[in-house]
Every structure is written in structure tokens, then in C-alpha cells.
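Geometric and topological summary
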Amino acid sequence: MTFGPVYFVTDPEAPVSMPGQVRAAVAAGVRIVQLRDKHASDADMLVLARALQQITRPAGAALIVNDRVQVAIEAGADGLHVGQGDGDIAAIRARIGSDMILGLSVETLAQLGAIPRDCVDYLGVGPLRATATKPDAAQPLGIDGLARIIAATSLPCVAIGGITHGDAAAIRQAGAAGIAVVSAISRAPDMEDAARRLITEWSAK
Ligand code: TZP
Ligand code: MG
């Protein structure tokens, strides 16, 4: 499967609903979407996951659920994304089975050493920059920090955190498989156009 080039992560606080965001992203050509809502109940996440699947499936886009292992399983999501604080990654893999995509957030080089072989499918590496979307994010990596992590792993790495238009070339040069964004799409006046431009920028020479 492909992880990029543009991976959209939903924004529960944006002016447009999460299904509306995902419709726009998918219409622009985004093929990987993460349902992320830190405050929703598991029951609400399940309803949302099913609603988003109605949008992603017909488009051939993958739907990844953030944090909630049981929701990902019950919804039959394409994948699950977890962070460093979400529990033992090998145990999570055992729980979801081998078919589901598993992504893991990595913030430091040292965290790479704790990832068991053949356990995760991709890494979300960040934050590249400080971002208002995740005020409790780790120390920003900058392009050099991002490149160092990417160089130290054979896993595909999606950069995240404070990424916007004009960043794609440097991130691609650092070796990333793609860019993950929240606000660059969710807060844009024209979300579809914003997503399309991110994809075009990634592909530009
Ligand atoms: N993980 C690290 S930074 C971040 C997440 C979920 C938020 C990214 O949001 P934005 O708006 O693209 O900076
Ligand atoms: Mg998490």
C-alpha cells in the first residue's frame, strides 16, 4: 500500500464536520485518512468511523483510526495509528491481527530502537514544527531531525506537525514517504483545493 503523498488527519474542531473534511480531501485525491478525535467517546468514534468509511471506501482510500484499538477492530478499519503512550506495540499488533495497517508515532531517534521487527507498517514522524493542533506535542524536529530519523529506519515515514504549502519538497528530500496534515486542509477556506495543491507540490520536480 502507499502512504502518501498526502495523509489527512481529521480535525474535530474545524468549522466543517469531519465527514465534510474527508469528502473534500478524497475528492482532491487523498488516499489515506486518519480519524482522530481525542475527546469523542468510543461509541461516537465507532459511528464516525463507519460514516467516514462510506466516503473512503468508494474512493479506494484507506481509513486509519487513531488510538482506539477496539473501534478500529469493530469498524473493520483499514488501519490503526497509535502513539508512544498507547501501550505495547507488539501486543497491539497481536490484537489487531496481521492484515490491519499499523502506524506508530515517533518523536525521537531513541524510540526507533524499541520497535520490534515486522510489527508496524509505517511511522508518523514529528512534530516537524510546533503546531497549535497538538499543543502537547514533543520538541519539534526540524528538517534535520526528521531526516536523521528517516535515515535510521527502513520503515516508510510520514512527516507530521506544522506542515503546510511550500514544505513538500524539503520533506521529500529528507526521505519521507509523505506528509500528514490536519490544519493545512481542515482550516483552509477551500479544503479540496488545499489538498490538491499539497498533492501537486509533492509530485512537482
Ligand atoms: N501529531 C504530531 S503533530 C500533530 C499530530 C497529530 C498535529 C498536526 O497538525 P497540523 O495542523 O497539521 O500541524
Ligand atoms: Mg495516541
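Residues numbered from 1 in each chain as written. Chains lettered and ligands numbered in written order. Predicted model: local features only at pLDDT ≥ 70, side-chain atom pairs only at ≥ 80, totals over all residues.

Threshold: UniProt positions are given in the numbering used here, feature names are shortened, and annotations may be inferred rather than shown by experiment.
In the annotation of an unreviewed UniProt entry, the chain is listed under the name Thiamine-phosphate synthase and assigned to Pelagivirga sediminicola. Among the UniProt annotations of the chain, the heading Function (unreviewed entry) holds the following wording: "Condenses 4-methyl-5-(beta-hydroxyethyl)thiazole monophosphate (THZ-P) and 2-methyl-4-amino-5-hydroxymethyl pyrimidine pyrophosphate (HMP-PP) to form thiamine monophosphate (TMP)." Taken from UniProt, the Pathway (unreviewed entry) comment for the chain reads in full: "Cofactor biosynthesis; thiamine diphosphate biosynthesis; thiamine phosphate from 4-amino-2-methyl-5-diphosphomethylpyrimidine and 4-methyl-5-(2-phosphoethyl)-thiazole: step 1/1."

Observations concerning the sheet that holds strand S3 (residues 62-66)
Heads up, the condition is: Pairing between strands is defined by DSSP: at least two bridges between the two strands are required. Numbering goes from the N terminus for both helices and strands, where a helix is a DSSP run of H or I of at least four residues and a strand is a run of E of at least two. To define axes, lines are fitted to C-alpha atoms, for helices over the stretch in contact only, and angles between the resulting N-to-C directions are given on a 0 to 180 degree scale. Any pair of residues counts as being in contact when their C-beta atoms, constructed from backbone geometry, are within 7 Å of one another.
What the 8 strands build is a closed barrel, ordered S1-S2-S3-S4-S5-S6-S7-S8; its pairing is parallel. Each neighbouring strand pair of the sheet contributes to a mean axis angle of 25°, computed without reference to strand direction. Taken strand by strand, helix H4 (residues 89-96) contacts strand S4 (79-82) and strand S5 (101-106), and its axis lies near 160° from that of S5.

Describing the site of ligand 1
Selection criterion: Using a C-beta atom placed from the backbone, a residue is scored as near a molecule or strand whenever that atom is within 6 Å of it. In this count, Pro and Cys sit with the nonpolar residues alongside Ala, Val, Leu, Ile, Met, Phe, Trp and Tyr, while Asp, Glu, Lys and Arg are called charged and the others, Gly among them, polar.
In the vicinity of ligand 1 lie 15 residues, with Thr131, Thr133, Gly161, Val182 and Ser183 positioned nearest. Looking at the shell around ligand 1, its residues break down into 8 nonpolar, 6 polar and 1 charged.

Here's the deal with the UniProt feature "binding site: 4-amino-2-methyl-5-(diphosphooxymethyl)pyrimidine" (unreviewed entry) in the chain
Just so we agree on the cut-off: Residues with at least 20 neighbouring C-beta atoms inside 10 Å of their own are called buried, those with 12 or fewer are called exposed, and the rest are partly exposed, where every C-beta is derived from the backbone.
In the numbering adopted here, UniProt assigns the feature "binding site: 4-amino-2-methyl-5-(diphosphooxymethyl)pyrimidine" (unreviewed entry) to Gln34, Leu35, Arg36, Asp37, Lys38, Asn66, Ser105 and Lys134. The exposure class assigned to leucine 35 is buried, which follows from the 28 C-beta atoms found within 10 Å. With residues near it in sequence (within four places) discarded, leucine 35 still touches Thr10, Met45, Leu48, Ala49, Leu52, Leu63, Val65 and Asn66. In this fold, lysine 38 is placed in the loop between strand S2 (32-35) and helix H2 (42-59). Note on lysine 38: 9 C-beta atoms within 10 Å, which makes it exposed.

Some thoughts on unusual backbone geometry
Here the residue pair glycine 126 and proline 127 is connected by a cis peptide bond, since its omega of 0° sits within 30 degrees of zero. Along the polypeptide, proline 127 turns up in the loop between strand S6 (122-125) and helix H6 (142-151). Non-glycine residue aspartate 67 carries a positive phi angle of around 75°. In this structure, aspartate 67 sits in the loop between S3 and helix H3 (69-75). The backbone of aspartate 118 sits at a positive phi, close to 55°, despite the residue not being glycine. Positionally, aspartate 118 belongs in the loop between helix H5 (109-112) and S6.

Overview of the packing of helix H1 (residues 18-28) against H2
Our working definition: An angle counts as roughly parallel when it lies under 35 degrees, as roughly antiparallel when it exceeds 145, as roughly perpendicular when it falls between 65 and 115, and as oblique in every other case. Take the far helix as your reference; a near helix turned counterclockwise from it by less than a right angle gives a left-handed crossing, and one turned clockwise gives a right-handed crossing.
Contact geometry for H1 and H2: axes closest at 10 Å, N-to-C directions at 15°. Here H2 runs roughly parallel to H1, going by the angle between their axes. The handedness of the crossing between H1 and H2 comes out as right-handed. For the pair H1 and H2, the contacting residues are Met18, Pro19, Val22, Arg23 and Val26 in the first and Leu48, Ala51, Leu52, Ile55, Thr56 and Ala59 in the second. Partitioned by chemical class, the residues of the contact of H1 with H2 number 9 nonpolar, 1 polar and 1 charged.

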